[in-house]
Amino acid sequence: MGLKGKAAIVGYSEWPSRRKWSGDPLFTLDQWARLGRETIDDAGLAPADVDGLCTNYLLEASRFVPATLAEYLGLSVNFAERTDLGGAAPVGMIWRAAAAIELGLCQAVLCGVPAAPAPPAPGPPGEPDPAVYFGQASPEWGSPQAEFELPYGNVAQNSGFALIAQRYAAEYGYDPRAMARIPVGQRRSANRNPSAVFHDVRIDEDDVLASKMVAEPLRMLEIVMPTTGGSAVLVANEELARRSRHRPVWITGCGEHLTHKTPTWADDMLATPIGPASKKAFEMAGVAPAEVDLVSIYDCYTITVLLTLEDAGFCAKGEGMRFLAEHDLAFDGNFPCNTHGGQLGFGQPGLAGGMSHPIEAARQLMGRGGERQVAKADMAYVSGTGGVMSEQGALIFRGD
């Protein structure tokens with residue numbers, strides 16, 4: 001049982017990733033409207049074809065989010081989903097959309113993640129968002145994190161991912177220069193991507209190793225740059241896909257796995273949820289890791305890429321450093337990885353950073369990669385990560 005590959009990504013919209021938004025602030029509803037219109041137009045279809053929505057949040061509504069969104073967009077939908085998986089939400093949206101389509105619930109699902117600034121509310125400023133101070137950690141009353149972790153310094157993402165990296169070093173050793181090859185290879189691809197925040201900034205391994213230590217062993221150039229942006233994709237059934245404008249990108253496998261919220265409660269910090277999720281996705285698609293032409297791996301930190309390569313089956317456990325030393329991750333290398341630059345080179349525009357990975361894989365399979373087009377792009381592996389390696393999902397894409 002599983003996906004039959006009868007639903008495809010047929011269009012997308014992705015705004016440039018920029019440190020400072022250049023336009024006027026937009027309500028998230030307005031961002032959704034623009035992204036939706038652009039995505040439907042990109043697919044060569046009509047708004048009337050869309051009868052499904054996958055979303056994450058709206059600043060203008062804390063409840064009844066899909067209904068508020070459908071009303072604003074003027075859509076009558078047969079499937080609506082609010083996916084709360086952090087950075088894994090976009091991957092989760094896409095496989096849920098594909099499943100709903102294959103079940104016959106709907107024919108086309110718009111999945112969106114606005115990430116541009118919204119207008120501030122009038123009046124005196126309210127309390128700042130707790131995420132400003134605590135990141136993904138929960139400071140709410142009754143939260144296990146608030147009681148057992150935050151008072152002792154396990155705050156936000158840097159400390160959690162650094163803890164995982166230190167554990168890896170204790171178990172298998174750590175080669176900082178091999179890890180530096182991740183941002184360097186991806187940056188070469190970002191240098192061919194005008195939408196990337198670091199499009200004009202070149203780096204080498206020495207630059208990575210000379211960058212500021214943020215949370216040992218993670219240095220500044222191994223950690224994402226927060227940006228603004230926004231993106232959306234349209235997933236459609238076979239009939240609509242066949243009359244869409246681009247080569248359909250069929251969703252042939254998916255997997256998702258959650259076990260914990262923070263590494264504190266993980267049975268084994270180095271046995272990440274992406275392992276079971278990827279195993280399910282490959283089995284569903286009927287292919288092996290060695291058969292994919294490119295990978296689009298969620299890369300909030302370099303350690304995320306390393307553990308995904310190992311746990312998804314691209315190399316054995318503990319062999320990731322050697323794998324990195326032997327492979328070139330740029331678009332024209334022997335293991336194309338995150339050919340848009342990854343979030344380490346493209347930037348992380350909120351949840352749209354997570355959507356950048358399936359969009360780039362779809363872009364490559366559609367043959368729309370431009371100067372960074374991979375020579376052979378018929379099958380791709382995509383991952384998503386939420387929390388601190390706690391919510392993870394995987395997709396397998398195949399072109400016609």
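Residues numbered from 1 in each chain as written. Predicted model: local features only at pLDDT ≥ 70, side-chain atom pairs only at ≥ 80, totals over all residues. Heavy atoms only, no water.

A word on the packing of helix α1 (residues 28-43) against helix α2 (residues 65-73). Contact pair α1 / α2: the axes reach a minimum separation of 10 Å and the direction vectors enclose 60°. Here α2 runs oblique to α1, going by the angle between their axes. Here the hand of the crossing between α1 and α2 comes out right-handed. Packed against α1, whose contacting residues are L29, D30, W32 and A33, the element α2 presents T68, L69, Y72 and L73 at the interface. Here the residues of the contact of α1 with α2 are counted per class, giving six nonpolar, one polar and one charged. (Axes fitted to C-alpha atoms, helices over the stretch in contact; angles between N-to-C directions. Helix = DSSP H or I, 4+ residues; strand = E, 2+ residues; numbered from the N terminus. Parallel < 35°, antiparallel > 145°, perpendicular 65-115°, else oblique. Left-handed = near helix turned anticlockwise from the far one by under 90°. Contact = heavy atoms within 4.5 Å. Nonpolar A, V, L, I, M, F, W, Y, C, P; charged D, E, K, R; others polar.)

Of all nine residues in strand β7 (residues 229-237), nine are buried; the element is thus mostly enclosed. For strand β1 (residues 7-14) and β7, the ladder comprises seven bridges, and the chain directions are antiparallel. Residue pairing across strands places G11 opposite L234, the latter belonging to β7. The pairing of strand β4 (residues 108-115) with β7 spans eight bridges and is antiparallel. Across the sheet, the residue bridging to G112 is A232, located in β7. (Buried < 20%, exposed > 50% of the residue type's maximum accessible area, 1.4 Å probe, protein only. Pairing = 2+ DSSP bridges.)

Opposite charge on two side chains lets them pair, provided their charged atoms get close. Taken as a whole, this structure holds 23 salt bridges when the rule is applied. With its nearest N and O atoms 2.7 Å apart, the salt bridge here joins R368 to D42. In this pair, R368 is assigned in the loop between α14 (352-366) and β10 (379-386) and D42 in helix α1, connecting sequence segments 326 residues apart. Classification of D42 by relative accessible area gives buried; the value is 13%. E256 is the salt-bridge partner of R96, the closest N and O atoms lying 2.9 Å from each other. Highlighted residues: R96 in helix α3 (residues 89-102) and E256 in strand β8 (residues 249-258), separated in sequence by 160 residues. Here R96 falls in the buried class, since its relative accessible area comes to 18%. What makes E256 partly exposed here is its relative accessible area of 27%. By sharing partners, the salt bridges in this structure join E14, E360, R363 and R372 into a single network. (Salt bridge = Lys/Arg side-chain N within 4 Å of Asp/Glu carboxyl O.)

Strand order in the open sheet formed by nine strands is β3-β2-β4-β7-β1-β8-β11-β10-β9, with mixed pairing between adjacent strands. Edge positions in the sheet fall to β3 (79-82) and β9 (294-296), since each of these pairs with one other strand and no more. Recorded for the sheet is a direction-independent mean angle of 25° between the axes of neighbouring strands. The strands touched by α2 within the sheet are β2 (52-55) and β3, with β2 carrying the most contacts at an inclination of about 125°. The sheet contacts of α14 involve β1, β4, β7, β8, β9, β10 and β11 (391-399), and relative to β1 the element is tilted by about 115°.

What follows concerns the pairing of β10. With respect to burial, β10 is a largely interior element, eight of its eight residues being buried. What you see with β10 is no split at all: M379, Y381, S383 and T385 on one side and A380, V382, G384 and G386 on the other are buried throughout. Pairing analysis gives three bridges linking β9 to β10, with the strands arranged parallel. Paired with S296 across the bridge in β10 is V382. Of the pairings in the sheet, the one linking β10 to β11 comprises eight bridges and is antiparallel in character. Each residue of the ladder has a partner; that of S383, found in β11, is A394. Linkage of β10 to β11, two consecutive antiparallel strands, is achieved through a turn of four residues, within which G387 is found at a positive phi near 65°.

Topologically, N191 is positioned in the loop between α7 (176-190) and α8 (205-210). A distance of 3.2 Å separates the side chain of N191 from the backbone oxygen of V201, its partner in a polar contact. (Polar contact = N/O pair within 3.5 Å; in protein donor to acceptor, adjacent residues only side chain to side chain.)

Let us look at the packing of aromatic side chains. Tallying each qualifying case throughout the model produces eight aromatic pairs. A centroid spacing of 5.5 Å and a plane angle of 10° characterise the contact between F282 and Y381, whose relative ring orientation is stacked. With F282 in helix α10 (residues 274-285) and Y381 in strand β10, this pair connects stretches of sequence that are 99 residues apart. This pair shows no difference in class: F282 is buried, exactly as Y381 is. Ring geometry for F323 and F335: centres 5.0 Å apart, planes at 90°, overall edge-to-face. Of this pair, F323 sits in helix α12 (residues 320-326) while F335 sits in the loop between α12 and α13 (342-346), and the two are twelve residues apart along the sequence. Exposure remark for F323: the relative accessible area of 9% places this residue in the buried category. (Phe/Tyr/Trp six-rings, centres within 6.5 Å; stacked < 30°, edge-to-face > 60°.)

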